[in-house]
Amino acid sequence: MINIRRSTTVLRGLLAATVLVGPVVALGGPAPARADEETPAEPPRVELVLDVSGSMRARDIDGRSRIAVAQQAFNEVVDALPEETQLGIRVLGATYKGKDKKVGCQDTQQIVPVGQVDRTQAKAAVATLRPTGFTPVGLALRSAARDLGTGTTARRIVLITDGEDTCAPPDPCEVARELAAQGTKLVVDTLGLAPDEKVRRQLLCIANATGGTYASAQSADELTGRIKQLVDRARDTYTAAPAVVGGSARCPDAPLLAPGVYTDREQFSEHRWYRVPVRAGQELRASVSIALDRPVNPDHGVLLRATAPDGRELVRGVDAGSGRTDVVSAGLRWSAVADSEDEDSAGGGETPTPTPGDATAAPTTVCLVVSNAFAPRPGTRADPGMPIELTVDVVASSPAPAGPDLGRGWVLLVLLTLAGLITGLVAGLLTRWWVATWREN
Amino acid sequence: MRTPLIRSGAVLVAATALTLPAAPALAAPTPSPGAATVTKAGTSFLTATGIAAGQPVRVGASTGDHLYWSFPARAGQLHEITATVSFPKGRTGASTWTVEVFDGLRRRQACTAGAQTPTATASATSVALGCALRQVRSWAEPWSADPLPGTYYVRLSVVDLPEPDLGLPIDVDLLVSELGDGDAPADDGELKAPLVPNTKAGTVLTGEPSAAPAEDDDEGLLAGWLPDLSSRWIWTTIGGVLAAVAGVVGFALTRRPRRP
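Note that the structure is a prediction, hence the values are computed from the model and not measured. (Residues numbered from 1 in each chain as written. Chains lettered and ligands numbered in written order. Predicted model: local features only at pLDDT ≥ 70, side-chain atom pairs only at ≥ 80, totals over all residues.)

Draft legend 1. How the structure looks around the pairing of strand β14 (residues 299-307) of chain A. All names here are of chain A. With 9 bridges joining them, β14 and strand β15 (residues 313-322) adopt antiparallel strand pairing. By the bridge assignment, Gly-301 is partnered in β15 with Ala-320. In textbook terms, the turn of a hairpin is the stretch between consecutive antiparallel strands, and for β14 and β15 this stretch comprises 5 residues, one of which, Gly-311, has a positive phi near 100°. Alignment of β14 against strand β18 (residues 364-372), held across 6 bridges, turns out to be antiparallel. Paired with Arg-305 across the strands is Val-369, a residue of β18. (Pairing = 2+ DSSP bridges. Helix = DSSP H or I, 4+ residues; strand = E, 2+ residues; numbered from the N terminus.)

And the structure:
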């Protein structure tokens, strides 16, 4: 009995030890962390574009005029402005009182230049605004884009209006698409003040064309809250601006990409090629998003393929969908095989394949091709193409694990313990039987 | 002789049962205590707002916005996403909402359970969405779309609605909760770099990159046949020790108890 008690105590102690050891071993995974963001060279830049046309006189927001509500909202936004944000204010339809459309449609001024905001001066400039003239939205957008300048970070325009553009052409939606297709990343967020159907359609079109958002404001609180949110969002996200690249129609003359984020434009049924050098033992990771910045038919798809330079497909990523969405995305992984005997399947036709023992390893060039299955609706313009966002990364490849030589898990421990116990019992019984037989003889 | 044997066996089984990890309780997801509420949302993959599992999100938005968040996941973890969209204002018709999940390569992830695409009637004041994800694996073939460690994106949007309802304000509550962690993943392989997207602006290379010098292959003689030092070594070693102890115990049990 003493023996039994002692041995079970030992067993319990051992099991307790394994319980302590087990989880410690299990916790070894790499904690994924975002890449360190470098300090940006530019401050965030935002311009508020306010419609001060005659219709802003209407008293239909909480019994106050639209312009009064907008002025109050601007004051609160200027007060709550983050220190580093450079804010500008542009107005349209604020000065020309006449009836001449030609003159009225040139009526847009920057009342607060984009830069460090002098709060009192900005508030004074806003307070003097009186609803007056026409609504040249397209021209105001173009001017606002010029005010914000060009650079490597994203710029944001917040357009606040209550009436549709009365000066087309240029159609403000076309202007927005044209501005978004220029090199500098520009997002136009739109806010409708008590909007009707036409205004809503126009503002939705502008927001969609630039990857911005649309909101309708029916009260002063809604307007203030939304503008503040957009200004904060500009500060939080303005560094996320991809590099512009132009994909080509064939692989051999496609641009060679280093890891990073790129943007390009692709038309309906167009194929865009890019190249990425991948060394043996490395893994290529690529993802693509195509934005639906214009009205298209409900069913859509995107295909990202990686091919060898001779055209053989290596791997593909595909996604398709139906209905309302902002972007359709697909991604892929591909590992360059490190083993020399597998080089035939990995290396391209034109790239030299490294031989074993060679001092250098030439990278394999992988071609990436982006294609889409979007169908334009009647009247949808094809040019400029839809925005593509391409992410390329090259990391160490993760080889397939070899078959396990050892075991793991609680079942294994129980099995081994039971096997040991049974072996012990059998050995003990055999010994007893053998001793008994030996004594008798 | 019999009785002690049975008794020791029972003790062994009981000890084993006690040490087995308890199955995760499936309760309603609640935010982690002390987690700060996130009041922001991004509007694209690049600008997604980073959150952590157990951190509640409460943000005001407008109908039609595509809202993005991202959260990190490790191998072995199981996540569930629950969201509620409330409508403070009346709407003109029914609307269909969706919560979609993408991995770090923007590949669509399957939901194993939950109301991923519910429809809110015109009179409803809120709609609840949910998506339970697959367990994150530690390794997968490059050609497969299995969930891997890294960043995951959540996108909440409205997919179908009457056009006049676009732009109306909404309130969004979202919570990414973690259902059970710590179970060692069933795979042996390891992903060398988690699927965390490179968000820096890229640079176009001007010329073909020159060949890089081959890395030194000095892993020693042992590296060829000795498997990687993994948890399997510890498990197996402990198993061997337990087997030896059990053998001794078994042998001892067969001895006639000493009479005083």
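The rest of the description comes next.
Draft legend 2. Looking closely at the sheet that holds strand β4 (residues 79-86) of chain B. Residues and elements named next belong to chain B. Within the open sheet, the 4 strands sit side by side as β2-β10-β4-β8. Their pairing is antiparallel. Edge positions in the sheet fall to β2 (56-62) and β8 (126-132), since each has one partner strand and no second. Taking each pair of neighbouring strands and ignoring which way they run, the sheet shows an average axis angle of 15°. When β4 meets β8, the two strands line up antiparallel, connected through 7 bridges. Following the sheet pairing, Ser-86 is matched in β8 by Ser-126. (Axes fitted to C-alpha atoms, helices over the stretch in contact; angles between N-to-C directions.)

Draft legend 3. A look at the confidence of the model for chain A. This prediction gives chain A a mean pLDDT of 82; 85% of its residues lie at or above 70. Segment residues 339-359 of chain A is flagged for pLDDT under 50; beyond a separation of four residues in sequence, or across chains, it makes 31 contacts in the model. (pLDDT = per-residue confidence, 0-100. Contact = placed C-beta atoms within 7 Å.)

Draft legend 4. Structural view of the sheet that holds strand β7 (residues 186-193) of chain A. Residues and elements named next belong to chain A. Spatial strand order, β5-β4-β1-β6-β7-β8: 6 strands in an open sheet with mixed pairing. The open sheet terminates on both sides in strands that have one partner only, identified here as β5 (108-115) and β8 (214-217). Along the sheet, successive strands turn relative to each other by an average axial angle of 15°, direction set aside. Direction of pairing for strand β1 (residues 45-51) relative to strand β6 (residues 155-161): parallel, over a ladder of 6 bridges. Its bridge partner being in β6, Val-46 is matched across the sheet by Arg-156.

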